[in-house]
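Each chain is listed here by its residues.
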Amino acid sequence: MFKVPPISAERLPGLLRSMPKAELHIHIEGSLEPELIFALAQRNELTLPYASVEALRSAYAFSNLQSFLDIYYAGASVLLHEQDFYDMARAYLGRAARDNVLHAEIFFDPQTHTARGVAMDTVINGLHRACEDARTELGISATLILCFLRHLSEESAFETLEQAQPLLDKIVGVGLDSSELGHPPEKFARIFARCRELGLRLVAHAGEEGPPAYIWSALDVLKVERIDHGVQAVHDAALMQRLAQDRIALTVCPLSNQKLCVFPNLADHNLGKLLDAGLAATVNSDDPAYFGGYINENFTQVFAATGLTAKHAYQLAFNSFEASFAGNADKRVWEHKLKETFERCVEHDY
Ligand code: HPA
Ligand code: ZN
């Protein structure tokens, strides 16, 4: 393991921004900035229930996950055509590249769109073309993860998988998101088993607002390879041990947790506790247009609020590459670049 050199507190924010990283928990619909929502509404001749970009932005005050989801699904309703999905994803990837994201695994919620009459291939082809163009134009690697909405039925999830079947070469895996409480992972046991047979990689949101029991069933019933959020694991010592032992990554989203009141303050966030217990935690932005910042903002704010160190920074970035669904050759290249950034930081002031 790389021995992280000592790095002064003043240099830490710069290092956090410049270090290469992967983003593994980003809902592409949550990257829709109010400006783009208004531009797409105008292009598609839709009327929004907000007078201005500022009025929409000022509605972004949330008390829990559901209060956010209501406004998040409303925002996504401006997406109608393949070019809309392309523009949204291309904008995110441009922004991520500026934060030194080398690889992104992007969630999308097809049921939000198919329920409004948008075809599955409109959604997936638009997002996929943006990933391809970003690779050639920005050198960033990006793949797609289809998320099932857990507040909807198992039947709706199976219908969604059937619609996506001809396009499966354009997605790397499936996930589970939306309202957690009252919708435990086991509700989706059969659809996840089917996706596993199809060779898709598996992740699920669990332990954001829900109890440790939901993390256990995501692991043991759904057989997921990563847990999205997972911060409630600290309330179950046996679960902490399991997550550490099996190197199950947690895709933690500090600003999301703050904005949705999962922790009273960012200073109370348990990211350091998770890392110090040997868990493979990562830092991600979740829904950056709604929660006040992209991935680098998540890093700099949670480090400033909780006093994490350069060693934690290295571990988080390393974990993000290790936990990704990319190939081993790519992982080694990215991890080498990470090491070089830390070495350069010691040699030069920046
Ligand atoms: N949790 C659950 N569902 C979501 C989230 C989240 O943080 N963001 C977008 N959909
Ligand atoms: Zn999420």
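Along each chain, residue indices are assigned from 1 in the same order as the chain's sequence is written. Starting at A for chains and at 1 for ligands, labels are handed out in the order in which the entities are written. Residues qualify for local features only when their pLDDT is at least 70, as the model is predicted, and side-chain atom pairs are given and counted only at 80 or more; totals for whole chains, interfaces and linings, by contrast, use all residues. Where side-chain values are given, they derive from all heavy atoms of the structure, hydrogens and water being excluded.

*Asks:* Sorry, what's going on with the overall build of the protein chain here?
*Replies:* Counting its secondary structure elements, the protein chain contains 17 helices and eight strands. Its C-alpha atoms give the protein chain a radius of gyration of 19 Å, within 12% of the compact-globule value 20 Å for 350 residues. Dimensions of the protein chain, computed from the C-alpha atoms along their principal axes, are close to 55 × 40 × 40 Å. The rule is simple: take the accessible area with a 1.4 Å probe, protein chains only, and divide by the maximum for that residue type; under 20% is buried, over 50% is exposed, in between is partly exposed. Per-residue burial for the protein chain yields a buried fraction of 59% across its 350 residues. The contact rule is simple, with two residues in contact once any of their heavy atoms fall within 4.5 Å. Counting contacts in the protein chain only where the partners sit at least 6 residues apart, residues at least 24 apart contribute 77% of the total. Every accessible area reported is derived by Shrake-Rupley at a probe size of 1.4 Å, with residue values counting cover from the shown protein chains alone. Of the roughly 13800 Å² that the protein chain leaves accessible, carbon and sulfur atoms contribute 51%. Positive and negative side-chain charges of the protein chain, numbering 31 and 46 respectively, have mean locations separated by a distance of 6 Å. Secondary structure elements are taken from DSSP: a helix is a run of H or I of four residues or more, a strand is a run of E of two residues or more, and numbering for both begins at the N terminus. The reference for a compact globule is 2.2 Å times residues^0.38; the radius of gyration itself is calculated from the C-alpha atoms. Note on charges: Lys and Arg go in the positive column, Asp and Glu in the negative column, and His and the chain ends are not counted at all. A charge is said to be at NZ when it belongs to Lys, at CZ for Arg, at CG for Asp and at CD for Glu.

*Asks:* Sorry if this is basic, but what is going on with the environment of Val-123 here?
*Replies:* Along the chain, the position of Val-123 falls in helix α7 (residues 120–138). The spatial distance from the C-alpha of Val-123 to the C-alpha of Pro-110 is 7.0 Å, given a sequence separation of 13 residues. Setting aside residues up to four positions removed in sequence, Val-123 forms contacts with Phe-85, Phe-108, His-113 and Val-118.

*Asks:* What is the right way to read the coordination of the zinc ion (ligand 2) from this model?
*Replies:* Reference values for coordination geometry: four tetrahedral donors around a metal ideally subtend 109.5 degrees, six octahedral donors ideally subtend 90 or 180 degrees. Protein-derived ligands of the zinc ion (ligand 2) are His-25 (NE2), His-27 (NE2), His-205 (NE2) and Asp-286 (OD), with the metal-ligand distances lying across 2.0 to 2.3 Å. Relative to the metal, the four donor atoms surrounding the zinc ion (ligand 2) lie at angles of 80 to 173 degrees, and the coordination shape comes out irregular. Donor atoms (N, O, S) are those found within 2.8 Å of the metal centre, with the cutoff raised to 3.2 Å for Na, K and Ca; water is not part of the atom list, so apparent gaps in a site can occur. On the primary sequence, the residues serving as donors to the zinc ion (ligand 2) are separated as H-x1-H-x177-H-x80-D. We classify His-25 as buried; its relative accessible area is 0%. Overall, the relative accessible area of 4% leaves His-27 in the buried class. Under this scheme a four-donor centre is tetrahedral when all angles range from 85 to 135 degrees, a four-donor centre is square planar and a six-donor centre octahedral when opposite donors are above 155 degrees with the rest from 65 to 115, and any other centre is irregular.

*Asks:* Can you walk me through the pattern of salt bridges in this structure?
*Replies:* Any Lys or Arg side-chain nitrogen found within 4 Å of a carboxyl oxygen on Asp or Glu counts as a salt bridge. If you walk through the whole model with that rule in mind, you get 15 salt bridges. Ionic pairing is found between Arg-129 and Glu-82, a salt bridge with its closest N-O pair at 3.3 Å. With Arg-129 in helix α7 and Glu-82 in helix α5 (residues 82–98), the pair connects residues that are 47 residues apart, well separated along the chain. The exposure class of Arg-129 is partly exposed, given its relative accessible area of 31%. Given the relative accessible area of 30%, Glu-82 is considered partly exposed. For Glu-105, the salt bridge identified is with Arg-226, shortest N-O distance 2.9 Å. Note that Glu-105 is positioned in strand β2 (residues 101–108) and Arg-226 in strand β6 (residues 226–229), a separation of 121 residues in sequence. Exposure class is identical for Glu-105 and Arg-226. Each is buried.

*Asks:* Looking at this structure, I do not really get the sheet that holds strand β3 (residues 141–149). What am I missing?
*Replies:* Consider a sheet: its strands pair through backbone hydrogen bonds, and that pairing is either parallel or antiparallel. When DSSP finds at least two bridges between two strands, those strands are taken to pair. An order of β1-β2-β3-β4-β5-β6-β7-β8 is seen for the eight strands of this open sheet, with the pairing classed as parallel. The sheet is open, and its two edges are formed by β1 (21–27) and β8 (280–283), each paired on a single side. With direction set aside, neighbouring strand axes in the sheet form an average angle of 25 degrees. Bridge count for strand β5 (residues 201–206) against β6 is four bridges, and the pairing is parallel. Looking at β6, one finds that Val-203 is bridged to Arg-226. Taken strand by strand, α7 contacts β2 and β3, and its axis lies near 160 degrees from that of β3. Every angle, taken between N-to-C directions, lies between 0 and 180 degrees, and every axis is a line fitted to C-alpha atoms, over only the stretch in contact when it is a helix.

*Asks:* Explain the pairing of β6 here, please?
*Replies:* The two faces of a sheet get side chains in turn, since along a regular strand they alternate between them. Here is how to tell: hold the view so the strands point away, follow the path from the first strand over the helix to the second, and if it runs clockwise the crossover is right-handed. For the handedness criterion, the β-α-β arrangement of β5, helix α10 (residues 212–220) and β6 is classed as right-handed. Regarding the hand of the β-α-β motif, the stretch spanning β6, helix α11 (residues 237–245) and strand β7 (residues 249–252) is right-handed.

*Asks:* How should the environment of Ile-248 be read in this particular structure?
*Replies:* Among the secondary structure elements, Ile-248 is positioned in the loop between α11 and β7. With relative accessibility at 9%, the residue Ile-248 sits in the buried group. Sequence-wise, Ile-248 and Leu-279 are 31 residues apart; in three dimensions their C-alpha atoms are separated by 7.4 Å. Not counting chain neighbours up to four residues away, the residues in contact with Ile-248 comprise Leu-219, Glu-225, Arg-226, Ile-227, Leu-243 and Ala-280.

*Asks:* Looking at this structure, how should I read the site of ligand 1?
*Replies:* Lining the immediate environment of ligand 1, one finds His-27, Leu-65, Phe-68, Leu-69, Tyr-72, Asp-177, Ser-178, His-205, Glu-208, His-229, Asp-286 and Asp-287. Between ligand 1 and the protein, one listed contact pairs a nitrogen atom with a side-chain N or O atom of His-27 at 3.3 Å. Counting of polar contacts relies on pairs of N or O atoms within 3.5 Å, with two restrictions inside protein: one atom must be capable of donating a hydrogen and the other of accepting it, and residues adjacent in sequence are counted only when both atoms are side-chain atoms. Asp-286 places a polar side-chain atom, nitrogen or oxygen, 2.8 Å from an oxygen atom of ligand 1. Using a 2 Å cut-off from the grid points, one finds that ligand 1 occupies the largest cavity. Among the residues making up the shell around ligand 1, the classes are represented as four nonpolar, four polar and four charged. Proximity is defined per residue: if any heavy atom of the residue lies within 4 Å of a molecule or strand, that residue is considered near it. Put plainly, a pocket is an open set of points on a 1 Å grid over the protein atoms alone with protein on both sides within 12 Å along at least five of seven lines, a cavity is a set where a 1.4 Å probe fits but cannot get out, and a lining residue has an atom within 4 Å of a point. Cavity and pocket membership follows a simple rule, namely that a molecule belongs there if more than half of its atoms are within 2 Å of the grid points. Polar here means any residue other than Ala, Val, Leu, Ile, Met, Phe, Trp, Tyr, Cys and Pro, which are nonpolar, and Asp, Glu, Lys and Arg, which are charged; Gly is therefore polar.

*Asks:* Help me understand the packing of α5 against α7 in this model?
*Replies:* Geometrically, a packed helix pair is captured by the angle between its two axes and the distance between the axes. Two numbers describe how α5 lies on α7: the axes approach to 7 Å, and their chain directions differ by 35 degrees. As for how α5 packs across α7, the hand of that crossing is right-handed. Across from Glu-82, Gln-83, Phe-85, Tyr-86, Met-88, Ala-89, Arg-90, Leu-93, Gly-94 and Ala-97 in α5, the residues of α7 making contact are Thr-122, Val-123, Asn-125, Gly-126, Leu-127, Arg-129, Ala-130, Cys-131, Asp-133, Ala-134, Glu-137 and Leu-138. Grouping the amino acids of the contact of α5 with α7 by side-chain chemistry returns 12 nonpolar, five polar and five charged. Handedness of a crossing follows from how the near helix is turned relative to the far one, being left-handed for an anticlockwise turn of less than a right angle and right-handed for a clockwise one.

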